[in-house]
Amino acid sequence: MLTIGNKTFNSRLLLGTGKYPSFDVQKEAVQVSGSEILTFAVRRMNIFEPSQPNFLEQLDLSKYTLLPNTAGAKTAEEAVRIAKLAKASGLCDMIKVEIIGCDQSLLPDPVETLRATKMLLDEGFIVLPYTSDDVVLARRLCEMGVHAIMPGASPIGSGRGILNPLNLSFIIEQSTVPVIIDAGIGSPKDAAYAMELGADAVLLNTAVSEAGDPIKMALAMKLAIEAGRLGYEAGRMSERDYAVASSPAEGLVTI
Amino acid sequence: MKRTIELNGNRYDMPAEVGNVQELLGHLELAERIVIVEMNRDILAKDAYDLPINDRDQIEIIHFVGGG
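Overview of the structure.

Calculation notes
- Residue positions are counted from 1 within each chain, in the order its sequence is given.
- Think of it this way: whatever chain is written first is A, whatever ligand is written first is 1, and the rest follow in order.
- Only residues with pLDDT of at least 70 are given local features in this predicted model, and only at 80 or more are side-chain atom pairs given and counted; all residues enter the totals for whole chains, interfaces and linings.
- To obtain the side-chain values, all non-hydrogen atoms of the structure were included, while hydrogens and water were left out.
- Note on conventions: DSSP H or I runs of at least 4 residues are helices, E runs of at least 2 residues are strands, and numbering of each starts at the N terminus.
- Put simply, the radius of gyration uses C-alpha atoms, and a globule should come to 2.2 Å times the residue count raised to 0.38.
- Working definition: with a 1.4 Å probe on protein chains only, accessible area under 20% of the residue-type maximum means buried, over 50% means exposed, and in between means partly exposed.
- Here a residue-residue contact requires only that any non-hydrogen atoms of the pair lie within 4.5 Å.
- Strand pairing is defined by DSSP finding a minimum of two bridges between the two strands.
- Here the expected length of a helix is defined as 1.5 Å per residue gap, with one fewer gap than residues.
- This arc corresponds to the set of directions leading from the helix axis out to the C-beta atoms.

**Here's the deal with the overall build of chain A**
No. 1: A count of helices and strands for chain A gives eight helices and 10 strands.
No. 2: Relative to a compact globule of 255 residues, whose C-alpha radius of gyration would be 18 Å, chain A shows 20 Å and is just as compact.
No. 3: Overall size of chain A, expressed as C-alpha extent along the three principal axes, is 85 × 40 × 35 Å.
No. 4: A total of 255 residues make up chain A; the buried ones form 50% of that total.
No. 5: Taking the contacts inside chain A whose residues are at least 6 apart along the sequence as the reference set, 66% of them involve residues at least 24 apart.

So this is what it looks like as structure tokens:
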């Protein structure tokens, strides 16, 4: 079970809702993924085309927890404004703090992320900051009282997988709250690896939405995350330098 | 009296029959949609949708879109 704030979840896969080829594909991908937490962005509506379909409005909201993000914010104040707008919908009290500090790499701005996190915690939000894989920053966020930390595996949408497993394991080891590996996951291998490192969950979007078959990939990610978690809980064998035969050396049949 | 507001960043001439926020949402066919309304940078609670809209008010209608 994954516990964030006062809510518990069976699924350890958090799914983003951007860039799917169609709503039908997206709906089925969400369903087969088993995800219970879906991320959304908050945007000004194109009110002169109100009939355009909206994915959120097609969901059975009793089945999902919404995790709006503050994407688009470059400062703590902008992030807080977006968070308050999202909360005013009455649909959610969680917020993913996402404050981009570099337009090319889309890496988070650590200073603004810390500031926004503090402000949002003071306002009573359930706060999940998206951070880099900086170990000290993650500790600072933990100490502030965040409800989960979400270090990136590699840049958003890059699909490059886990670039710094050592840092991520340090973050996981020291964290007192769930660690959700967010951003950069490209394939089921990456998701399983994150879970084997001991992550509590994985958040991904592009790896599913840009897959050749997003529905099949959604299932693949679900299974990879379950397998990785089971492997972590089971405790893997130690590595050694030389081979050790699996078959007994006694009772050899000689012809 | 003619009222011109700023609606989602655009100039918008208020139809005479629209008096408050709820009526504006109805006029824009958004009454049943999941939206959040900001008026002059203040977020409006649903029970404040009966606030009258005045000339030069700034209104933002926000919603959730796909994102990661």
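Picking up after the structure, the text goes on.
**Some details on the sheet that holds strand 6 (residues 94-97) of chain A**
Hydrogen bonds between backbone groups are what pair the strands of a sheet, and the pairing can be parallel or antiparallel.
Residue and element names in this part refer to chain A.
No. 1: Taken together, the three strands give an open sheet; going across it, the order is 6-7-8, and neighbouring strands pair in parallel fashion. One side of each edge strand has no neighbouring strand; the edge strands of this open sheet are strand 6 and strand 8 (150-151).
No. 2: Pairing analysis gives four bridges linking strand 6 to strand 7 (residues 126-131), with the strands arranged parallel. Of the residues in strand 7, the one forming a bridge with Val97 is Pro129.

**A short note on helix 8 (residues 214-234) of chain A**
Working note: α-helix, 3.6 residues per turn, so residues spaced by three or four point in the same direction.
Residue and element names in this part refer to chain A.
No. 1: For helix 8, built from 21 residues, the straight-helix expectation of 30 Å at 1.5 Å per residue is met to within 8% by its first-to-last C-alpha distance of 30 Å.
No. 2: Here helix 8 has its buried residues at Pro214, Ala218, Met221, Ala224, Ile225, Gly228 and Arg229. The buried residues of helix 8 occupy an angular sector of 125 degrees when projected down its axis, which confines them to one face. For helix 8, the exposed residues lying more than 90 degrees away from the buried face are Lys216, Leu230 and Ala234.
No. 3: Where helix 8 is buried, its residues touch strand 3 (13-16), helix 1 (23-33), helix 6 (188-196), strand 10 (201-204) and helix 7 (206-209).

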